[in-house]
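So the chains spell out like this:
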Amino acid sequence: MPAGTRVCRSARLRLVARAVEVVGTRSTRESGGYPEAIGGLGDPVRLCRFDEERLGVVDGGVIRDVTPALDVLPSVSYPLPEHDLLIANLTPLMARVRSLVDSAPRVSLKSVKLLSPVANPGKLVAAPVNYQKHLEEVRTDQALHHNTAGHTITIQSAGLFLKATSSLVGAGEGIALRKLDRRTDHEVELAVVIGKTARNVSKESALSYVAGYAIGLDVTIRGSEDRSFRKSPDTYSVLGPWLVTADEIPNPGNLDLQIEVRGELRQKSNTRYLILGVPELIELASSFYTLHPGDVIFTGTPEGVSPIEPGDAIVASIDRIGVMNVAVRAAEDASAMAAVVSAFGSV
Ligand code: MN
């Protein structure tokens, strides 16, 4: 009786799956989160990439070097997957990290160059004008709206935009300003890293698709051009300083965030003022395109955007994630790139 056999096997598999679910870790059971938190490492869990492709767990001012855990990642060949390998395999990776961490070599956090915690995101999704007070400042400041209607409409009308993945760097790599003749602003944002393939996800289940959170800087040249163009030069998407796993932030909708430049507080707000919160952004994004593990969502910036210049030191912080230091410099060939803009006139 093949049909009956299939039914029995199917039912048995469901039971096995349920049993596995029931014996999951405490944190997984309580939060429904993804992935499991690392046991015995304290709270929160911070995973970083640093120096020459090293993997670390941040523990106060120390990084525990758990690079051998990368051995659990599958080897791939052309054509490469659309997801980030590390984020797509975060659960087995964390299990290996857990087995390594106690005896891992320790290095000082201050001595390393922090890289983006996601190496190969398939896309960088970003929310425009997603705080009401930022929308109001853009509407009242010509230097921000540039008489461009598309800059002053609500997120409900504007939808989302994409930043080039080639713009992504980590905190230790810094921001290299290209267009020194153009106003370029900081935008501090909560960044969401997707952990599971998400397609037409409802806002009620959206948070279970999140691998973790980081601080995002959506560096922006002001002007009339399309957002994706002005926000995509190399180094204009900073992600870091590390990934905090989702279990450590059960509610991303009540986090203080702020940014200081040269010791001066420029932006200070809370994610409770997001017009579209993290669940709504995942619902909206996944209704238009499939989100893959490692895709990043920049959730939008609050009021207070202002210019940055070569030599500036940026200190950005978000509750439960940490503090991120980013240096600003001129790109080596910035004057040549500015000349290209002049040749085109108003690009
Ligand atoms: Mn932004």
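Here, the structure is the one placed above.
Bear in mind that the values here come from a model prediction, so they are computed numbers and not experimental data.

Chemist: Account for the overall build of the protein, with residues named and values stated.
Modeler: In terms of regular secondary structure, the protein is built from 10 helices and 19 strands. Out of the 347 residues belonging to the protein, those deemed buried represent 42%. Look at the contacts in the protein between residues 6 or more apart in sequence, and 78% of them connect residues 24 or more apart.

Chemist: Lay out unusual backbone geometry in plain terms, naming residues and giving numbers.
Modeler: Look at the link from Tyr78 to Pro79: it is a cis peptide, with omega at -5°. Locating Pro79 in the fold gives a position in the loop between β3 (62-65) and α3 (85-88). Going from Gly240 to Pro241, the amide bond is cis rather than trans, its omega being -5°. Assignment of secondary structure puts Pro241 in strand β14 (residues 237-245). Here Val129, not a glycine, exhibits a phi torsion of approximately 30°, which is positive. Summarising the element assignment, Val129 is placed in the loop between β6 (124-126) and α5 (132-140). Even without glycine at this site, Arg262 takes up a positive phi of about 50°.

Chemist: Tell me about helix α4 (residues 90-100), and please be specific about residues and values.
Modeler: Every buried residue of α4 is accounted for by Leu90, Leu93, Met94 and Val97. Down the axis of α4, the buried set is contained in an arc of 100°. They therefore lie on one face. Its buried side turned inward, α4 meets β2 (54-59), α3 and β12 (210-218).

Chemist: Lay out the pairing of β3 in plain terms, naming residues and giving numbers.
Modeler: Of the two faces of β3, the one holding Ile63 and Asp65 is buried and the one holding Val62 and Arg64 is not buried anywhere. Examined bridge by bridge, β2 and β3 share 4 bridges and lie antiparallel to one another. Residue pairing across strands places Gly56 opposite Asp65, the latter belonging to β3. Once β2 ends, the chain turns through 2 residues before running back antiparallel as β3, passing Gly60 with a positive phi of about 65°. Bridging between β3 and strand β4 (residues 106-108) involves 3 bridges; their strand directions are antiparallel. In the strand pairing of β4, Arg64 is matched with Arg106.

Chemist: Now, about the environment of Glu53: what can you tell me, with residues and values included?
Modeler: Looking at the secondary structure, you find Glu53 in the loop between β1 (46-50) and β2. Accessibility expressed as a C-beta count within 10 Å gives 10 for Glu53, which makes it exposed. Taking the C-alpha atoms as reference, Glu53 lies 9.3 Å from Ala119; in sequence the two are 66 residues apart.

Chemist: Talk me through the sheet that holds strand β15 (residues 256-261); I want residue IDs and the actual numbers.
Modeler: Taken in spatial order, the 5 strands line up as β9-β19-β18-β15-β16 in an open sheet, and their pairing is mixed. With partners counted over all chains shown, the strands left at the sheet margins are β9 (175-177) and β16 (264-270), one partner each. Within this sheet the neighbouring strands show an average axis-to-axis angle of 20°, counted without direction. Relative to strand β19 (residues 322-330), strand β18 (residues 313-318) is paired through 6 bridges, and the arrangement is antiparallel. For Ile314, the partnering residue across the bridge sits in β19 and is Val326.

Chemist: Tell me about the nonpolar core, and please be specific about residues and values.
Modeler: In summary, soluble globular proteins display a tendency toward joint burial of nonpolar side chains. Ala191, Val192, Val193, Tyr213, Ala214 and Val296 are the most contacted members of the largest nonpolar core, which has 86 residues in total. When residues of this core are assigned to domains, at least three fall in each of domain 1 (29-115) and domain 2 (124-344).

Chemist: Residue-level account of α5, with values.
Modeler: Considered for burial, the residues of α5 that qualify are His134, Leu135 and Val138. Along the axis of α5, the buried residues cluster in a sector spanning 100°; they form a single face. Turned more than 90 degrees away from the buried face of α5 sit Lys133 and Thr140, all of them exposed. Against α6 (142-145) lie the buried residues of α5.

What counts, and at which threshold
- Residues numbered from 1 in each chain as written.
- Predicted model: local features only at pLDDT ≥ 70, side-chain atom pairs only at ≥ 80, totals over all residues.
- Helix = DSSP H or I, 4+ residues; strand = E, 2+ residues; numbered from the N terminus.
- Buried ≥ 20, exposed ≤ 12 C-beta atoms within 10 Å, placed from the backbone.
- Contact = placed C-beta atoms within 7 Å.
- Arc of directions from axis to C-beta.
- Pairing = 2+ DSSP bridges.
- Axes fitted to C-alpha atoms, helices over the stretch in contact; angles between N-to-C directions.
- Core = buried A, V, L, I, M, F, W, Y, C linked by C-beta atoms within 7 Å.
- Domains from an automatic or database assignment.

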